[in-house]
Every structure is written in structure tokens, then in C-alpha cells.
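Examining the three-dimensional arrangement
Each chain is listed here by its residues.
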Amino acid sequence: MIQICAVCKSDIFIKAMRPFLFDYEILITRVCKSWKLMEHGFEGSKTDILLMDGNWNSNHKYSAGTKAAASFKIQYPHIKLIVVTTTFEVQTLEKYRQIPIEGYFFRSCANVVEAFAQCVHDVYRGKQHFLIE
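Read on for a plain summary of the structure. (Residues numbered from 1 in each chain as written. Predicted model: local features only at pLDDT ≥ 70, side-chain atom pairs only at ≥ 80, totals over all residues. Heavy atoms only, no water.)

Next up on the list: helix α4 (residues 90-97). An α-helical segment advances 3.6 residues per turn. Residues three or four places apart therefore align on the same side. Restricting attention to buried positions, one finds in α4 the residues Thr92, Leu93 and Tyr96. Buried residues of α4, seen end-on, are gathered within an arc of 100° and therefore sit on one face of the element. Across α4 from its buried face, at more than 90 degrees, point the exposed residues Gln91 and Lys95. Among the structural elements, β3 (49-53), α3 (65-75), β4 (80-85), β5 (103-106) and β6 (129-130) are those in contact with the buried residues of α4. (Buried < 20%, exposed > 50% of the residue type's maximum accessible area, 1.4 Å probe, protein only. Helix = DSSP H or I, 4+ residues; strand = E, 2+ residues; numbered from the N terminus. Arc of directions from axis to C-beta. Contact = heavy atoms within 4.5 Å.)

Encoded structure:
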């Protein structure tokens, strides 16, 4: 099972996806609505991939999602990072690719469960995956 931790403003998408992803051998082990909650206890977790809301804007020590992602990659370089947005956003994707992240997809794509699962499996195997259509 590929183990994922998700950090997002709203857990509706993750809760809706969770039962379908089990069939793809993907387990969402933790869902956090803030970076502070995610960081608490993360050090000892067996997380393979962090799924991150790409439109993050919080009052946490990071002022934007790209800063949070960059900081995360410095602190946890062994954990792969997938960014998700609601719609395809060229500018957002390009900012994240500079960090660099390993994967990106958007929730409004066709066949979102399959798209998500493919992204996770590609990234887990060490391949970059950026859904752009």
C-alpha cells in the first residue's frame, strides 16, 4: 500500500476519494487541515507521498503554498510531493515545478479517481507526473 498524508483546507475531496483509492492500493493515512497539524507527529510517519492543496493561503509560518512546499522538500527530501488544485492552473503548476515537486493533478479533470491513482503510482515509482489536460 502506498501511504499518503494530505494537507488541505477542506477534507471533502479526500474523504470522497478515500474508499475508491483502496482498490488502487493507495491508503490515505492522515488528513490535516493545517500545516501545523501536519507537522505534528510527521517525523515518525511512514508516509510515502504528501498530497498538498496547491492554493494554500494560511496564517502559518508559510505565506503561500509554494513556500510551504519548498520548506517541506528541504525538511523531508525523501518524501515525494504531489500538488492538487481545483482546476488546471498553468501559473500555479510552473511555480511548483520550480521547487521541484514530483506530481500535479487537478480535481476537475475527467476520470479523477483514475487520474489521481495514476499520478500517485507514477510518483511512487520515481516518475514525475503532471496532469495538464
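As a further point, take the packing of helix α1 (residues 12-21) against helix α5 (residues 112-124). How two helices pack is summed up by the angle between their axes together with the distance between the axes. Running from amino to carboxyl end, α1 crosses α5 at an angle of 75°, the nearest separation of the two axes being 11 Å. With respect to α5, the element α1 is oriented roughly perpendicular. Residue-level contacts link Phe13, Met17, Phe20 and Leu21 of α1 to Val112, Val113 and Phe116 of α5. Class assignment of the residues belonging to the contact of α1 with α5 gives a composition of 7 nonpolar, no polar and no charged. (Axes fitted to C-alpha atoms, helices over the stretch in contact; angles between N-to-C directions. Parallel < 35°, antiparallel > 145°, perpendicular 65-115°, else oblique. Nonpolar A, V, L, I, M, F, W, Y, C, P; charged D, E, K, R; others polar.)

Across residues other than glycine, the phi torsion is negative in most instances, and most of the peptide bonds are trans. In this structure, the amide linkage connecting Ile99 to the following residue, Pro100, adopts the cis form with an omega of 0°. Of note, Pro100 is situated in the loop between α4 and β5. The backbone of Glu25 sits at a positive phi, close to 60°, despite the residue not being glycine. With respect to the helices and strands, the residue Glu25 is situated in the loop between α1 and β2 (26-32). Despite not being glycine, Asn111 has its phi angle at roughly 50°, a positive value. You can see Asn111 is positioned in the loop between β5 and α5. Taking the relative accessible area as the measure of exposure, Asn111 reaches 57% and is therefore exposed.

What follows concerns the sheet that holds β6. One open sheet holds the 6 strands; their spatial order is β2-β1-β3-β4-β5-β6, and the pairing between them is parallel. Strands at the two margins of the open sheet, each flanked by one partner only, are β2 and β6. Two strands pair when backbone bridges link them, and β3 and β4 are joined in this way by 5 bridges, in the parallel orientation. Each bridged residue has a counterpart across the sheet, and for Leu50 the counterpart in β4 is Leu81. Each of β1 (2-7), β2, β3, β4, β5 and β6 touches α5; the most contacted strand, β5, lies at about 175° to it. (Pairing = 2+ DSSP bridges.)

Moving on: the packing of aromatic side chains. Overall, the coordinates contain 6 aromatic pairs when judged by the stated rule. Measuring from ring centre to ring centre gives 6.4 Å for Phe13 and Phe116, while their planes differ by 45°; the resulting arrangement is tilted. You can see Phe13 sitting in helix α1 and its partner Phe116 sitting in helix α5, a full 103 residues away along the chain. For the pair formed by Phe13 and Phe116, the shared burial category is buried. With centroids separated by 6.2 Å and ring planes inclined at 65°, the aromatic side chains of Phe88 and Tyr104 adopt a geometry described as edge-to-face. (Phe/Tyr/Trp six-rings, centres within 6.5 Å; stacked < 30°, edge-to-face > 60°.)

The subject of this paragraph is the side chain of Asp11. Relative to the assigned elements, Asp11 resides in the loop between β1 and α1. In this structure Asp11 touches Val31 and Lys33, once residues within four positions along its chain are discounted.

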